[in-house]
Amino acid sequence: MNAQTTQATPPDGDRITLMGCQVDNLTMEETLGRVEGFIGSGLPHQHVVVNVDKLVKASRDPELRQIINDCALVNVDGMPVVWASRLLGKPLKERVAGVDLFEALMRRAGEKGWRVFLLGAREEVVSKVAETYTRKYPALRLAGYRNGYWKGEEEERTVAEQIRASNADLLFVAISSPKKEQFLGKYQAHMRIPFAMGVGGTFDVAIGKVKRAPLWMQRSGLEWFYRFLQEPRRMFRRYFIEDMAFIGLFLKEAFKGRQVKQG
């Protein structure tokens, strides 16, 4: 089940490289159009969003970086990364937040008749997401759902088989990084889901368990701080220790770019 995922080659000019990771320079509408094309093809495609935390993790984890770079679609979720792209002379059009893309795709799935599978979080959370969205979009076709906890490779394979058998068009995986990227990298070609997307903590936001930051904080790049205020004990290490390495990554790339110009 470790076959390479079928991926579409992005049109020339859409991809840029930031801190070792390739990202697609697309708006939300362009992203939705690309996803619709993937679903129409019937072939498996993997999606990922990158933010400060994921760029830092990818800089230390070659496997994660390769998985990201092999994805058919890579969006940037995080204003600090958008700002960094502009300062590095590789301006991204806009931030495509994972939670916003999830909401837009769930709505479109109801309109288009796409089958959706939800994977991840605790049982009470994922079941509430399923209930919330089938009520919100009555035409939504739910292919299935499952919590994100299992033990060992044998049960993991069983999960992949369940998803394959569901014949879903869309798979949303609410598991922490890099586990969700590794799961999709390992099984997506076998599951043959036309569009599989890791959504992190989106399920918690979708049912109101975690509140989304006000719009002004999202636009100001302070959404991470709002999240920290809600879960300070859990998020302190990530935001104030681990993610500080992003500054070093940015300076390294800026210095490299300056050398290239001078050379």
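Cut-off values and rules
- Residues numbered from 1 in each chain as written.
- Predicted model: local features only at pLDDT ≥ 70, side-chain atom pairs only at ≥ 80, totals over all residues.
- Heavy atoms only, no water.
- Helix = DSSP H or I, 4+ residues; strand = E, 2+ residues; numbered from the N terminus.
- Rg over C-alpha atoms; globule rule 2.2 N^0.38 Å.
- Buried < 20%, exposed > 50% of the residue type's maximum accessible area, 1.4 Å probe, protein only.
- Contact = heavy atoms within 4.5 Å.
- Areas by Shrake-Rupley, 256 points an atom, 1.4 Å probe, with all protein chains shown as cover.
- pLDDT = per-residue confidence, 0-100.

(A) Examining the overall build of the chain more closely. Counting its regular elements, the chain contains 13 helices and eight strands. For 263 residues, the compact-globule estimate of 2.2 N^0.38 gives 18 Å, and the C-alpha radius of gyration of the chain, at 18 Å, lies within 12% of that figure. Over its C-alpha atoms, taken along the principal directions, the chain stretches across nearly 55 × 40 × 35 Å. Buried positions account for 49% of the 263 residues belonging to the chain. Within the chain, counting contacts between residues at least 6 apart in sequence, those at least 24 apart form 75% of the total. A total of about 12800 Å² of accessible surface is found on the chain, and carbon and sulfur atoms cover 52% of it.

(B) Representation of the confidence of the model for the chain. Residues with a pLDDT of 70 or more make up 93% of the chain, whose mean pLDDT is 90. Mean pLDDT across the elements of the chain ranges from a minimum in helix H13 (residues 245–262), with 83, to a maximum in strand E5 (residues 115–120), with 98. Note on residues 2–6: pLDDT is under 50 here. Beyond four places in sequence and across chains, it has 16 contacts. pLDDT under 50 marks residues 8–12. Its contacts with residues more than four places away, or in other chains, come to seven contacts.

(C) Structural view of unusual backbone geometry. With an omega dihedral of 0°, the bond running from Ser177 to Pro178 counts as a cis peptide bond. Relative to the helices and strands, Pro178 is located in the loop between strand E7 (170–174) and helix H8 (179–191). Of note in this structure, Met19 is not a glycine but carries a positive phi near 55°. Considering the arrangement of structural elements, one finds Met19 in the loop between strand E1 (15–18) and strand E2 (21–24). Residue Arg192 is not a glycine yet carries a positive backbone phi of 60°. Looking at the element boundaries, Arg192 is found in the loop between H8 and strand E8 (195–198).

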